[in-house]
Amino acid sequence: MKLKNKVAIVTGGAMGNGLGIVKVFLKEGANVIILDYAKELESTVQNLKNESYQVSGYQVDIRNSLEIRKALKEINSKYGNIDILVNNAGVCRLETFEKTSDELRDFHFDINIKGTWNVTKETIPYMKKGSIINLSSVTGPMVADSGEVAYATTKAALIGFTKGLAAELVHKNIRVNAIMPGYIMTPMVEGMAKESNPNNPEEVVRGIARAIPMGRLGTPLELGNLAAFLASDESSYITGQGIVIDGASTLPETMTMGV
Ligand SMILES: NC(=O)c1ccc[n+]([C@@H]2O[C@H](COP(=O)([O-])OP(=O)(O)OC[C@H]3O[C@@H](n4cnc5c(N)ncnc54)[C@H](O)[C@@H]3O)[C@@H](O)[C@H]2O)c1
């Protein structure tokens, strides 16, 4: 078990990618604490506890530093030092740049950028050494579809955040890396597919799969396996990097050339 007795915080772990990460971390022996604002948090934690895993949940909106600080204090008094932080909580709503209101822009910036910043700021004082993992994306740093300007901006920002923080924390033995997923099948992608084509969201998802050389979207557990590697000592010489996991979706140079 590569994370035996490690204490790990995963934001946005009530569903989707975060839940995939939580499940793999638990299987690898970690004590996992989920920070999430969704009502699903309670049932997610209960279901995992029913499988005898060491898991707890705190209802926290990562836009709210006071809520984060209060939770972190309690977590530290219960578990001691924190070894791993996964900044996974994030949002994506499709809208053209010209129709994006300031509110919708700030919704993305406040959760994806400032929320990640806030949780990291409040957690580092409790870390003696360890690993921080930020959920960026291929969207922003590498590619984009229309309607994703606000989201892409935030995910590109997280690469800068990752590198800057890695440079500072290297002397504290804290590694900082980013995961850059292509499409992973989660409630977020279901929501985006509905926004894209309310009458036939399934066809949107099938279309995404057709455009990926591996012919399918990724799963939250596949993402969880990469997060566990980056959280563990197996990746002890890796910091400041963005690792792509995308079924080769960003690999093709053209849609037509080839034998
Ligand atoms: N699914 C994909 O294809 C994909 C691709 C690239 C990157 N990502 C990134 O992976 C991460 C997770 O995405 P997902 O697809 O699982 O999304 P999701 O919507 O399925 O789940 C996101 C979780 O984050 C929580 N959350 C959102 N805002 C929060 C807040 N302010 N405070 C606390 N919790 C909050 C939600 O309640 C939810 O449990 C995001 O950062 C996303 O940008 C996803």
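Source: prediction; values computed, not measured. (Residues numbered from 1 in each chain as written. Predicted model: local features only at pLDDT ≥ 70, side-chain atom pairs only at ≥ 80, totals over all residues. Heavy atoms only, no water.)

**Student:** How should I be thinking about the site of the ligand in this particular structure?
**Tutor:** Of all residues adjacent to the ligand, which total 29 residues, the nearest are Asn17, Asp36, Asn88, Tyr151 and Thr186. Contact between the ligand and Gly182: an oxygen atom at 3.4 Å from a main-chain N or O atom of the residue. Within the contact set of the ligand, an oxygen atom lies 3.1 Å away from a backbone nitrogen or oxygen of Met188. When the free accessible area of the ligand is taken as 830 Å², the share hidden by the protein chains comes to 95%. Of all elements in the fold, only helix 1 (16-27), helix 5 (149-169) and helix 6 (187-196) reach the threshold of two or more residues within the shell around the ligand. The element that contributes the greatest number of residues to the shell around the ligand is helix 6, accounting for three residues. Considering only residue class, the shell around the ligand consists of 17 nonpolar, nine polar and three charged. For the shell around the ligand, the domains that each give at least three residues are domain 1 (7-182 + 219-244) and domain 2 (186-217). (Near = heavy atom within 4 Å. Polar contact = N/O pair within 3.5 Å; in protein donor to acceptor, adjacent residues only side chain to side chain. Areas by Shrake-Rupley, 256 points an atom, 1.4 Å probe, with all protein chains shown as cover. Helix = DSSP H or I, 4+ residues; strand = E, 2+ residues; numbered from the N terminus. Nonpolar A, V, L, I, M, F, W, Y, C, P; charged D, E, K, R; others polar. Domains from an automatic or database assignment.)

**Student:** Hey, could you run me through the packing of aromatic side chains in this one?
**Tutor:** To describe a pair of aromatic rings, you give the distance between the ring centres and the angle between the ring planes. Overall, the coordinates contain one aromatic pair when judged by the stated rule. Measuring from centroid to centroid gives 5.9 Å for Trp117 and Phe161, while their planes differ by 35 degrees, and the two rings are tilted. Placement of Trp117 in helix 4 (residues 102-123) and of Phe161 in helix 5 is noted, with a sequence separation of 44 residues between them. (Phe/Tyr/Trp six-rings, centres within 6.5 Å; stacked < 30°, edge-to-face > 60°.)

**Student:** Quick question: what am I supposed to make of the domain arrangement of the protein here?
**Tutor:** Many authors give the size of an interface as the accessible area that is lost as the parts come together. Looking at the assigned domains, one finds that the protein contains domain 1 (7-182 + 219-244) and domain 2 (186-217). In this structure, domain 1 and domain 2 have C-alpha centres spaced 23 Å apart. Between domain 1 and domain 2 the total buried area reaches about 720 Å² when both faces are included, carbon and sulfur atoms providing 63% of it. At the junction of domain 1 and domain 2, the tally comes to one salt bridge. Put simply, Glu222 and Arg216 hold a salt bridge, and the shortest N to O gap is 2.7 Å. Our enumeration of links across domain 1 and domain 2 arrives at two residue pairs in polar contact (both at pLDDT 80 or more). Of all the secondary structure elements, the ones that give two or more residues to the side of domain 1 that touches domain 2 are helix 1 and helix 8 (220-231). (Buried area = accessible area lost by both parts, 1.4 Å probe. Salt bridge = Lys/Arg side-chain N within 4 Å of Asp/Glu carboxyl O.)

**Student:** How do you make sense of unusual backbone geometry when you look at a structure like this?
**Tutor:** With the exception of glycine, most residues fall at negative phi, and the peptide bonds are largely trans. For Asn5, which is not glycine, the phi dihedral falls at a positive 65 degrees. Structurally, Asn5 is set in the segment before strand 1 (7-11). Asn5 gets classed as exposed once you look at its relative accessible area, which sits at 57%. A positive phi angle, close to 75 degrees, is found at Ala248, a residue other than glycine. (Buried < 20%, exposed > 50% of the residue type's maximum accessible area, 1.4 Å probe, protein only.)

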